[in-house]
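Overview (structure and organization)
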Amino acid sequence: MADGPTGAVLALLGVLSVYAASGSGPVVKETRGEAEWAEPWDGAVFRPPSALGAVGMTRSPRTPRPARAEAGDLPVLLWWSPGLFPHFSGDSERIECARGACVASRNRRALRDSRTRALLFYGTDFRASDAPLPRLAHQSWALLHEESPLNNFLLSHGPGIRLFNLTSTFSRHSDYPLSLQWPSGTSAPRTLPLRRARGPGPLRLQVFMPPGRTLLTALLYPFQVDSYGKCLQNRELPTARLQDTATATTEDPELLAFLSRYKFHLALENAICNDYMTEKLWRPMHLGAVPVYRGSPSVRDWMPNNHSIILIDDFESPQKLAEFIDFLDKNDEEYMKYLAYKQPGGITNQFLLDSLKHREWGLNDPLLPNYLNGFECFVCDHELARLDAEKAHAASPGDSPIPEPHIAQPSHMDCPMPTPGFGNVEEIPENDSLVQVRDHCICFRFLWPCSEKGRTHSCAVVP
């Protein structure tokens, strides 16, 4: 059995995994004799001290208005991560979705209300110690987590992800995928960028990357690499405003104009997971630069064509990669082939085109919800369907079976075991962070059985 803090976390996860229990929890009673107020949309009335309070209304522009229901009869979606509540004011909001209406709330007092059908968690903020226990049998748990396992490693393991019924992650296998959370659509990348002239000095690469990337030192020769991030950081951004992350974001027009001067961007994700692709990849493509990329093993599935990025893993050594970059820099015709997808009709990947076309949310699109509101409606529609199935079963148990619970799977956070970019794990020093992460993953006791031999572990992966 695990000892110390890890053991405590695992023990709590075991408690969380029990989909418990008895009863639906107490119903918040309404106080008689207190003043009532009518909401403008349909006269629905909430009386204090309801945890939901006054309820506003939000409706997606593309959502047809369904038949109206009393606000007191609607299923409630409770954002357990209140800082992510995607509404402007108040603690509760009526939302209109494809299948019907729900009430979204961030007031934790609504937890034990029998109308509260789903709890929504943001993965980065999820902590086992803050989980609402005991878990009620009639409530679904829904996870929104567009980030990598670096933000919360528990979600990358089976017992962690299976705490949830519904997921919205970077993986295409999640219930509400956010694989394309960065590109705005097929029209934005088609503007052919200005051709950047090569100066008299050495080839320069723009680098934004977190610490611990051993590839960088191998690429320093024979090129000059400009690094504005924490790793290496041999250059400073040109103005104090850009250097201050409180005043400039990664989408700042001045920053984008500055970065667009570079022909190549070294883009290394902070985690190697299928379908996990961030602004490190999409930003240089938007600007008309060529990404030199290491990250998602499935990245080819999402690219505009088969000749739009340089994949580091395609090269047997950093030296071979450097030679190829030098070749492209000296041959404009070959370099411009990597930007051919920006011409009209240049996007030939039908999977990408179809995925963008059928994406239910948009970026800066007034006709589409953002993915927070879209996820809310996805959960709302799921709970309305589950309620209908439960009512059908209650009316005719023989004809309508009770709905089976939907459980998230490890493929919803699709991350293989970490490996080095080049060489073998055995060649990496023991104090390297990759080795420590690998050992932590392999010997996580509630996942794999390990036998201790002194200070080493002999671990085998169990299917």
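The name given to the protein chain in an unreviewed UniProt entry is Fucosyltransferase, and the organism recorded there is Saimiri boliviensis boliviensis. Database annotation for the protein chain, UniProt heading Pathway (unreviewed entry): "Protein modification; protein glycosylation." One UniProt comment on the protein chain, placed under Sequence similarities (unreviewed entry), says "Belongs to the glycosyltransferase 10 family."

Moving on to the pattern of salt bridges. Summed over all chains, the structure comprises 19 salt bridges. Between aspartate 91 and arginine 106 there is a salt bridge; the shortest N-O distance is 3.2 Å. On the criterion of sequence distance, the pair formed by aspartate 91 in the loop between strand 2 (76-79) and strand 3 (92-96) and arginine 106 in the loop between strand 4 (101-105) and strand 5 (116-122) is long-range, its members being 15 residues apart. Looking at aspartate 91, the relative accessible area reads 36%, which means it is partly exposed. Looking at arginine 106, the relative accessible area reads 28%, which means it is partly exposed. Close ionic contact of aspartate 252 with arginine 241 constitutes a salt bridge, the shortest N to O distance being 2.9 Å.

Counting buried positions along helix 6 (residues 279-287) yields 8 of 9 residues, so the element is predominantly enclosed. Among all positions in helix 6, only Glu279, Lys280, Leu281, Trp282, Arg283, Pro284, Met285 and Leu287 are buried. Immediately downstream of helix 6, the backbone of glycine 288 shows phi near 90 degrees, a positive value.

In terms of burial, strand 6 (residues 140-145) is largely enclosed, as 6 of its 6 residues are buried. Pairing of strand 5 with strand 6, which is carried by 5 bridges, proceeds in the parallel orientation. Bridge pairing links tyrosine 122 to leucine 144 in strand 6. Two strands pair when backbone bridges link them, and strand 6 and strand 7 (residues 166-169) are joined in this way by 4 bridges, in the parallel orientation. Its bridge partner lying in strand 7, leucine 143 is registered against threonine 167.

This brings us to the state of the cysteines. Taken as a whole and assessed by the stated rule, the structure comprises 3 disulfides. The residue that forms a disulfide with cysteine 97 is cysteine 377, at a sulfur-sulfur distance of 2.0 Å. Taking the sign of the torsion about the S-S bond as the criterion, the disulfide between cysteine 97 and cysteine 377, at about -80 degrees, is left-handed. Of this pair, cysteine 97 sits in the loop between strand 3 and strand 4 while cysteine 377 sits in helix 10 (residues 371-395); the two residues are 280 residues apart in sequence, bridging distant segments of the chain. The side chain of cysteine 102 participates in a disulfide bridge whose partner is cysteine 380; the two sulfur atoms lie 2.1 Å from each other. Across the S-S bond of cysteine 102 and cysteine 380 the torsion is about 90 degrees, and the bridge reads as right-handed.

Criteria and thresholds
- Residues numbered from 1 in each chain as written.
- Predicted model: local features only at pLDDT ≥ 70, side-chain atom pairs only at ≥ 80, totals over all residues.
- Heavy atoms only, no water.
- UniProt positions renumbered as here; feature names shortened; annotations may be inferred.
- Salt bridge = Lys/Arg side-chain N within 4 Å of Asp/Glu carboxyl O.
- Helix = DSSP H or I, 4+ residues; strand = E, 2+ residues; numbered from the N terminus.
- Buried < 20%, exposed > 50% of the residue type's maximum accessible area, 1.4 Å probe, protein only.
- Pairing = 2+ DSSP bridges.
- Disulfide = S-S within 2.5 Å.

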